[in-house]
Amino acid sequence: MRSFRPLQLVLCLIVCAQATTALAQTPASYTSADLQQQFKKLNVLGSVLYVAAHPDDENTRLLAYLAKERQYRTGYLSLTRGDGGQNLIGDEQGIELGLIRTQELLAARRVDGAEQFFSRAYDFGFSKSTEEALSMWDREKVLADAVWVIRQFQPDVIITRFPPDSRAGHGHHSASAVIAAEAFVAAADPKRFPEQFAFGVKPWKAKRILWNTFNFGGNNTTSNDQLKVDVGGYNPALGKSYGEISAESRSQHKSQGFGVPAARGASTEFFSFTAGDPAKEDIMEGVNTGWSRLIENGTETDRAAVKANNEIFAQLLEMGWPTERPESMIRFLSALHINTSKMSDSYWKTQKLKEIRDLMARCAGLWLEATANTEFAVQGDSIRLSIVANNRQGADITLKSIKVDVLDSAVNQKLERNKNLIINRPLYVFANKPLSQPYWLEKKMTTGSFVVSDQNLIGRPESLPAYTVTFNVSIEGTDLTFTRPVQYKFTDPVKGELYRPLTIVPPATVTTGPDIIVFRQQQKQNAELSVRVTANKDFNGYKAGITNRVKNNSESKSDSAFNVLKGLSKNYSFTVSNAGMKDLVQDNAQVFVDLKNGKAEQPAWLHLVSISYDHIPPIHYFYQDNTKLLNLDLKTAGKKIGYIEGAGDKVAFALEQMGYEVTVLKEKDLFTANLTQFDAIITGIRAYNVHDYLKTKYDVLMEYVKNGGNLIVQYNTNNNLSTLKGGGISPYPFTISRNRVTDETAKVSFLLPSHPVLNFPNKITEKDFDGWIQERGIYFAEQPDAAFQSPISMADPNEQDQNGSLIIADYGKGKFVYTGLVFFRELPAGVPGAYRLMANIIALNKTNNKK
């Protein structure tokens, strides 16, 4: 849920931006069984990269099996962040939905053990062709990203979720297979994207690329002659089967409503060969996944180190894992670290040294933590750090030094058993310290992809933390370096101890409202634009200059006494009008604030947004706020609207801006005597999918229509609806299909040009379908009863016309409407024609019922 809250109540809003990440999670704890699994992983040098298009496309059972059973380093490259989908849990769309789904993917990876990567591709919505997806994304750009991830991750095997053709069911899906296949070749070619080599990568040739075939959606692409692997096993160390782990992982995709039951028992995955070396028995066939792979082109020193490591593993295999005393493993791990450090530099040397280092700390029970006294660090202000080290198992550990930003302190103190060593330090946040912002949102994006200029950030799932503390430690005589992000730790009275990222914010922030103001061209109108300036530090003796900028007119105000304490706000307002808009249909009002005290000047213009759901960490980001001013040739008929909220949209707010009185209806409000007051009742998107009680309100709603009401149902999916009378929605039967028109510029034909919905109170023309965003409509009606009329039709290029985007029927004295037109996207985006058409749909029961 997206919220705007004052700092003194919930500080998490007063931020610029950082997509809160796994770094903001409570630090992981590990059982002895967990450590045993990690130790087994040390002896496996193999990696697999899974590639698809969106969050939720990944095969979580396979990922869990590869990461936790086979112990391979396993990654998932999702080309997009899922920005263009629908949101089942709130009203966030676009980049906000992408931020949510990024965190849901990271939550899933924490469950199944894989790592997460992204390209710069933007999910622009459903696509019906590979060519469209590749063109919108910029094929070469996204290919470069995939090559970069492959060269960094160095997978032995690449696996795609989808085929490169129409069987994939979505243009993004098939495009992800095309990109993966091309990247498989290009990553090994030193002539392709050579600019990447300056950043430490080199050409990498994976052994093979496979397609993980499937049997779902009525499409069975598996066959018995394909390579098969049973991934349904049970892991006694984890106490779960991979089907159970998979279900927990996939159920993190809550914004898509993808909760699934746990599965137990054998489960076969099928693989079709794409390119590289064929495999008959196993996906890693012919890949050396032991330490000996490091001596295939190695030196005598490499061979000696590998031999020594293999001897240690053999000795420990014979000894067995010391369940109750994992600290006894430190001396063996130290020897592994010393041996591995002597080897020639390589990908696996770096990876295994990191794994050994982390496992040494975990076996020792070493706790390292860095927290700040605030969640929000203000540019030009100071914070206090609390740095804690605890040697919980009593191993021989010395904290040599710590470093954070410009602070570098020698410590040289032996850590006593299970005693906290606490070091408190002030930290000045320089005025030029970059604000915390998701890295892919720092620059204005193109139509189909994000703009990221820092090569080292490409592929990363999230931004780097604002500050990290480096701990230089000696464990049993081995010098090791650990880093920890600086976080804010606090105690919630219900949820207990929580961690959040430290976020860099400006001294003041600016919020304007409302998001949209709708004027009518037929008359001169004024409206109030509200401005809230929030202090992120104390302002004493400041003056404020507040300027509202629009295209044809700007207005400034001054405040000689901007004395605002940290966390508090001061409100201002401007009167905006359509008088100066003349021929403009749309304008934007932007507010800039200049704060001065004679010595310093603090400009402010950034708007602050917080997104908070219990299943993911809080998300914060910022942008230049603005209010859309629409000057429309708009007429309305009817006044009172009842709105039944669905999965989440902003349609009700847009209706209020059109001049309607909108009442949000809950289950208790749906009774006949109450509904008669409304000129129309509108259900939000997927309302029938998310509210089971609507099935029991069918008779009440039909009675409302029969008595002269107008029931307008925005799109639903056919889940749980197809077996009910009339779909449980309508007085007459129709089915909800998956049909859609994804081209937002697709021609709209008027099948019934004299129908009231195209004429009253606004004359609808082709111009009203200009400027639509992302798509025309989704989940169209199909096979409608003869009682329905379809006034419009539309089609994607090279497809037959579809007439199920808007169907209308008389029932008794009233009207029933089902529409798949994406008003939930178009109205918040300020598309003029969407407002005019919605007004006509609402007015249907105000006509004389002539067709």
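The numbers attached to residues start from 1 for each chain and follow its sequence in the written order. Local features in this predicted model are restricted to residues of pLDDT 70 or higher, and side-chain atom pairs are both shown and tallied only at a pLDDT of 80 or more, whereas totals for entire chains, interfaces and linings draw on every residue. Excluding hydrogens and water, the side-chain values take into account all heavy atoms of the structure.

## A short note on the sheet that holds strand E26 (residues 526–535)
Here comes step 1: A strand pair is defined by DSSP finding two or more bridges across the two strands. Every helix listed is a DSSP run of H or I at least four residues long, and every strand listed is a run of E at least two residues long, numbered separately from the N terminus. One open sheet accounts for 3 strands, arranged E24-E26-E29; its pairing is antiparallel. One side of each edge strand has no neighbouring strand; the edge strands of this open sheet are strand E24 (508–513) and strand E29 (569–577). Each adjacent strand pair in this sheet contributes to an overall mean axis angle of 20°, direction not counted.
Here comes step 2: Strand direction decides the pairing type here: E24 and E26, joined by 6 bridges, are antiparallel. Paired with Thr 512 across the strands is Val 531, a residue of E26. In this analysis an axis means a line fitted to C-alpha atoms, helices contributing only their contacting stretch, and an angle means the value between N-to-C directions, from 0 to 180 degrees.

## Side note on the pairing of strand E20 (residues 468–475)
Here comes step 1: Relative to E20, strand E17 (residues 397–404) runs antiparallel, the two sharing 6 bridges. By the bridge assignment, Lys 403 is partnered in E20 with Thr 470.
Here comes step 2: Pairing between E20 and strand E21 (residues 478–492): 8 bridges, direction antiparallel. Looking at E21, one finds that Ser 474 is bridged to Asp 479.
Here comes step 3: Taking the residues between adjacent antiparallel strands as the criterion, E20 and E21 are bridged by 2 residues, where Glu 476 takes a positive phi near 50°.

## Side note on the pairing of strand E5 (residues 115–118)
For a regular strand, side-chain orientation follows a simple rule: the groups alternate between the two sheet faces.
Here comes step 1: As paired strands, strand E4 (residues 73–78) and E5 are joined by 4 bridges and run parallel to one another. When the sheet's bridge partners are listed, Leu 77 is paired in E5 with Phe 117.
Here comes step 2: With the strands pointing away from the viewer, any crossover whose connection runs clockwise from the first strand over the helix to the second is right-handed. Each parallel crossover has a hand, and the one from E4 via helix H3 (residues 95–112) to E5 is right-handed.

## Focus on the packing of aromatic side chains
Here comes step 1: Centres within 6.5 Å are what make two rings of Phe, Tyr or Trp a pair, Trp counting through its six-membered ring; a difference in plane orientation under 30 degrees is then read as stacked, over 60 as edge-to-face, and the rest as tilted. Enumeration according to the criterion identifies 27 aromatic pairs in this entry.
Here comes step 2: Consider the rings of Tyr 122 and Phe 450, whose centres lie 5.6 Å apart with planes at 90°: the pair is edge-to-face. Separated by 328 residues along the polypeptide, Tyr 122 in the loop between E5 and helix H4 (130–137) and Phe 450 in the loop between strand E19 (420–428) and E20 bring together distant segments of the chain.
Here comes step 3: Each residue's exposure class comes from its accessible area (1.4 Å probe, protein chains only) as a fraction of the maximum for that residue type: buried when under 20%, exposed when over 50%, partly exposed otherwise. Relative accessible area serves as the criterion here: at 13%, Tyr 122 is assigned to the buried category.

## Re helix H2 (residues 60–69)
Here comes step 1: Judged by how many residues are buried, H2 sits mostly within the fold: 8 of 10 residues are covered.
Here comes step 2: For H2, the full list of buried residues reads Thr 60, Arg 61, Leu 62, Leu 63, Ala 64, Tyr 65, Leu 66 and Ala 67.
Here comes step 3: At the exit of H2 stands Gln 71, carrying a positive phi of roughly 65°.

## With respect to empty space enclosed by the protein
Here comes step 1: Here a cavity denotes a set of grid points, spaced 1 Å apart and computed over the protein atoms alone, in which a 1.4 Å probe fits but from which it cannot get out, and a pocket denotes an open set meeting protein on both sides within 12 Å along at least five of seven lines; residues with an atom within 4 Å of a point are reported as lining. Grid points are joined across faces, edges and corners, and a volume is the space filled by probe spheres set on the points. Scanning all chains against the criterion turns up 3 cavities of 30 Å³ or more.
Here comes step 2: Taken as a whole, the second largest cavity holds about 40 Å³ of empty space.
Here comes step 3: Surrounding the second largest cavity, Ile 387, Ile 402, Lys 403, Val 404, Leu 407, Asp 408, Ser 409 and Arg 425 form its lining.
Here comes step 4: For the lining of the second largest cavity, the residue count by class is 4 nonpolar, 1 polar and 3 charged. Classification used: nonpolar for Ala, Val, Leu, Ile, Met, Phe, Trp, Tyr, Cys and Pro, charged for Asp, Glu, Lys and Arg, polar for all others including Gly.

## Some remarks on the sheet that holds strand E6 (residues 157–160)
Here comes step 1: Pairing within the open sheet is mixed, and its 7 strands lie in the order E5-E4-E3-E6-E7-E13-E10. This sheet does not close on itself; its edge strands, each paired only once, are E5 and strand E10 (227–230). Between one strand and the next, the sheet's axes are offset by a mean angle of 30°, whatever the strand orientation.
Here comes step 2: Pairing geometry for E10 and strand E13 (residues 268–276), over 4 bridges, is antiparallel. Along E13, the bridge assignment pairs Lys 228 with Phe 270.
Here comes step 3: Of the strands in this sheet, E4 and E5 touch H3, which is tilted by about 155° from E5.
Here comes step 4: The contact rule is simple, with two residues in contact once any of their heavy atoms fall within 4.5 Å. Against the sheet, helix H6 (residues 171–186) engages strand E3 (47–52), E6, strand E7 (208–213) and E13, with an angle of about 160° to E7.

## Focus: the nonpolar core
Here comes step 1: Leu 655 and Tyr 818 are the most contacted members of the largest nonpolar core, which totals 76 residues.
Here comes step 2: With 7 residues, helix H17 (residues 832–842) is the single largest residue contributor to this core.
Here comes step 3: Those residues in contact with Tyr 818 that lie beyond four places of it in its chain are Val 713, Gln 714, Tyr 715, Asn 716, Phe 734, Ile 736, Tyr 779, Phe 780, Ala 781, Ser 805, Leu 806 and Ile 807.
Here comes step 4: Only buried residues count toward a nonpolar core, which is a set of Ala, Val, Leu, Ile, Met, Phe, Trp, Tyr and Cys residues joined through side-chain atoms within 4.5 Å. By size, the runner-up hydrophobic cluster in this structure holds 57 residues, among which are Leu 316, Leu 368, Ile 423 and Ile 475.

## What about the packing of helix H9 (residues 330–341) against helix H10 (residues 347–363)?
Here comes step 1: Contact geometry for H9 and H10: axes closest at 10 Å, N-to-C directions at 160°. In terms of orientation, H9 lies roughly antiparallel with respect to H10. Between H9 and H10 lies a crossing of left-handed hand. Residues Ile 330, Leu 333, Ser 334, Leu 336, His 337, Thr 340 and Ser 341 of H9 form the contact with H10, whose own contacting residues are Lys 349, Leu 353, Ile 356, Leu 359, Met 360 and Cys 363.
Here comes step 2: Residues belonging to the contact of H9 with H10 are distributed by class as follows: 8 nonpolar, 4 polar and 1 charged. Roughly parallel covers angles under 35 degrees, roughly antiparallel covers those over 145, roughly perpendicular covers 65 to 115, and oblique covers all other angles. Take the far helix as the reference: if the near one is turned anticlockwise from it by less than a right angle, the crossing is left-handed, and if turned clockwise, right-handed.

## Comments concerning the side chain of Arg 208
Here comes step 1: Note that Arg 208 resides in strand E7.
Here comes step 2: Charge counting follows a simple rule: Lys and Arg are positive, Asp and Glu are negative, and His as well as the terminal groups are ignored. For salt bridges, the criterion is a side-chain nitrogen of Lys or Arg within 4 Å of an Asp or Glu carboxyl oxygen. Of the side chains bearing the opposite charge, Asp 277 lies closest to the buried Arg 208, which forms no salt bridge; the N-O distance is 5.3 Å.
Here comes step 3: Polar contact is the term for a pair of N or O atoms within 3.5 Å; when the atoms are in protein, one must be able to donate a hydrogen and the other to accept it, and sequence-neighboring residues count only if both atoms are side-chain atoms. Within the structure, Arg 208 has its side chain in polar contact with the backbone oxygen of Pro 278 (distance 3.4 Å).

## With respect to the environment of Ser 251
Here comes step 1: Turning to its location among the elements, Ser 251 is positioned in the loop between helix H7 (242–250) and E13.
Here comes step 2: The class of Ser 251 is buried, set by a relative accessible area of 14%.
Here comes step 3: Looking at Ser 251, its side chain comes within polar contact range of the main-chain oxygen of Ala 247, at 2.7 Å.

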